[in-house]
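One letter stands for each residue in the lines below.
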Amino acid sequence: MKILTKQVQTEIVVKGSRFLAEAIPCQKQDEARAILKAQKEKYADATHVVHAFMLGKAGEVMGMSDDGEPSGTAGRPVLDVLRGSGATDIMLTVTRWFGGTLLGTGGLVKAYGGAAKELLSQCQESGALEEYVPKKEFSFECDYALYKNVKRAFDEFSIDGLSEDYADKVRASAKVPQDQYETLAARLKDLSKGKILIDSQ
């Protein structure tokens with residue numbers, strides 16, 4: 001599976017109707033609800049804000065809505081394109097501004113599905129989709145002198161999302177690929193002569 005690492009958008013126009021398609025990184029269902037609410041507020045002048053999402057390591061959690069379009073003509077084609085993409089932890093919204101010409105059910109399916117396809121190909125081309133690598137979160141604290149050596153040791157690993165808090169000691173948290181975690185923990189223990197105790201999630 002692949003995951004989305006940044007927001008991407010594209011737009012198509014079909015018989016005067018504007019379809020703005022956006023891909024947004026998303027990991028939980030309540031996050032999906034919050035994104036949808038924000039999109040509807042942002043595009044309050046739009047006719048419809050259709051969405052579909054896939055979450056979980058294997059894309060096993062799915063959801064979608066036609067948002068007032070005829071049943072099966074909007075959310076379903078967007079979700080079908082998403083399911084065929086091999087992507088997870090992703091939410092697509094397709095916002096429509098009605099252009100005055102009715103598209104009919106076939107036209108709607110084609111327009112919403114087409115907007116989603118165009119968007120996912122943009123995600124691919126822009127490098128926004130990358131292979132899903134299970135990661136483990138960890139945190140620890142140590143004194144300043146030791147932390148300089150720790151930072152050098154980090155260069156040997158694929159550390160992601162490093163957050164540092166400098167107080168009386170340095171408190172650091174980050175993520176590392178699961179298959180590197182045990183080696184990292186052993187390296188820090190060895191480096192600190194057992195002083196660094198890692199908390200992991």
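The model shown is predicted, which means the values in this text are computed figures rather than measured ones.

Draft legend 1. Spatial organisation of the overall build of the protein chain. From N to C terminus, the protein chain includes five helices and 12 strands. Taking 2.2 N^0.38 as the reference for a compact globule, 201 residues should give roughly 17 Å; the C-alpha atoms of the protein chain span a radius of gyration of 22 Å, well beyond that estimate. Each principal axis of the C-alpha atoms in the protein chain carries an extent, and together these give about 70 × 30 × 25 Å. For the protein chain, long-range pairs separated by at least 24 residues make up 67% of all intrachain contacts whose partners lie at least 6 apart in sequence. In the structure as shown, the protein chain presents an accessible area of about 10700 Å², 48% of it carried by carbon and sulfur atoms. One way to put it: in the protein chain the 27 positive side-chain charges average out to a point 1 Å from where the 29 negative ones average out.

Draft legend 2. Expanded view of the sheet that holds strand β6 (residues 87–88). An order of β6-β1-β8 is seen for the three strands of this open sheet, with the pairing classed as mixed. Single-partner strands in this sheet number two, and they are β6 and β8 (129–131). Bridging between strand β1 (residues 2–4) and β6 involves two bridges; their strand directions are parallel. Note on β6: the bridge partner recorded for Ile 3 is Thr 88.

Draft legend 3. Inspection of helix α3 (residues 104–125) at higher detail. For α3, spanning 22 residues, the distance from its first C-alpha to its last is 31 Å, which sits close to the expected 32 Å at 1.5 Å a residue. Of all the positions in α3, only Leu 108, Ala 111, Tyr 112, Gly 113, Ala 115, Ala 116, Leu 119, Leu 120 and Cys 123 are classed as buried. Two residues or fewer after α3 comes Gly 127, characterised by a positive phi angle close to 75°.

Draft legend 4. Region of interest: helix α5 (residues 178–191). Taking 1.5 Å per residue, 14 residues should reach 20 Å; α5 reaches 20 Å between its end C-alpha atoms and fits that length. Burial in α5 covers these residues: Gln 180, Tyr 181, Leu 184, Ala 185 and Leu 188. Axial view of α5: buried residues confined to an arc of 140°, hence all on one face. Turned more than 90 degrees off the buried face of α5, the exposed positions are Asp 179, Glu 182, Lys 189 and Asp 190. The secondary structure elements touched by the buried residues of α5 are β9 (135–142), α4 (144–154), β11 (170–177) and β12 (199–200). The positive-phi residue at the C-terminal boundary of α5 is Lys 193, with phi of around 55°.

Draft legend 5. Representation of the pattern of salt bridges in the model. The tally for this structure, following the rule as stated, stands at nine salt bridges. One salt bridge connects Lys 40 with Asp 67, and the closest N-O pair in it is separated by 3.0 Å. One end of the pair, Lys 40, is in helix α1 (residues 29–42); the other, Asp 67, is in the loop between β5 (61–65) and α2 (75–83), and 27 residues separate them in sequence. The salt bridge partner of Asp 199 is Arg 171, with a shortest N-O separation of 3.8 Å. Here Asp 199 is found in strand β12, whereas its partner Arg 171 is found in strand β11, with 28 residues between them in sequence. Overall, Arg 171 belongs to the partly exposed group, its relative accessible area being 35%.

Draft legend 6. Structural view of the packing of aromatic side chains. With the rule as written, the count across this model stands at eight aromatic pairs. Taken together, a centroid distance of 5.6 Å and an interplanar angle of 85° make the contact between Tyr 43 and Trp 97 edge-to-face. Here Tyr 43 is found in the loop between α1 and β4 (48–55), whereas its partner Trp 97 is found in strand β7 (residues 90–97), with 54 residues between them in sequence. By relative accessible area, Tyr 43 is classed as buried at 11%. You can call Trp 97 buried: its relative accessible area is 13%. Note that Arg 18 overlies the ring of Trp 97, its terminal NZ or CZ placed 4.2 Å from the centroid.

Draft legend 7. Inspection of the nonpolar core at higher detail. Membership of the largest hydrophobic core comes to 28 residues, with the highest contact counts inside it found for Val 78, Ile 90, Leu 92 and Tyr 112. The set of elements that each furnish at least two residues to this core consists of β3 (17–25), β4, α2, β7 and α3. Broken down by element, this core gets its largest block of residues, eight residues, from α3. Apart from the residues lying within four places of it in its own chain, the contact partners of Ile 90 are Leu 4, Ala 23, Ile 24, Cys 26, Ala 52, Phe 53, Met 54, Leu 55, Leu 82 and Leu 120. Judged by nonpolar contacts, the second largest core, of 17 residues, contains Phe 157, Val 170, Val 176 and Leu 188.

Criteria and thresholds
- Residues numbered from 1 in each chain as written.
- Predicted model: local features only at pLDDT ≥ 70, side-chain atom pairs only at ≥ 80, totals over all residues.
- Heavy atoms only, no water.
- Helix = DSSP H or I, 4+ residues; strand = E, 2+ residues; numbered from the N terminus.
- Rg over C-alpha atoms; globule rule 2.2 N^0.38 Å.
- Contact = heavy atoms within 4.5 Å.
- Areas by Shrake-Rupley, 256 points an atom, 1.4 Å probe, with all protein chains shown as cover.
- Lys, Arg positive; Asp, Glu negative; His and termini not counted.
- Charge placed at Lys NZ, Arg CZ, Asp CG, Glu CD.
- Pairing = 2+ DSSP bridges.
- Expected span 1.5 Å × (residues − 1).
- Buried < 20%, exposed > 50% of the residue type's maximum accessible area, 1.4 Å probe, protein only.
- Arc of directions from axis to C-beta.
- Salt bridge = Lys/Arg side-chain N within 4 Å of Asp/Glu carboxyl O.
- Phe/Tyr/Trp six-rings, centres within 6.5 Å; stacked < 30°, edge-to-face > 60°.
- Lys NZ or Arg CZ within 6 Å of the ring centre and 35° of its normal.
- Core = buried A, V, L, I, M, F, W, Y, C linked by side-chain atoms within 4.5 Å.

Just geometry here; none of it tells us what the structure is for.
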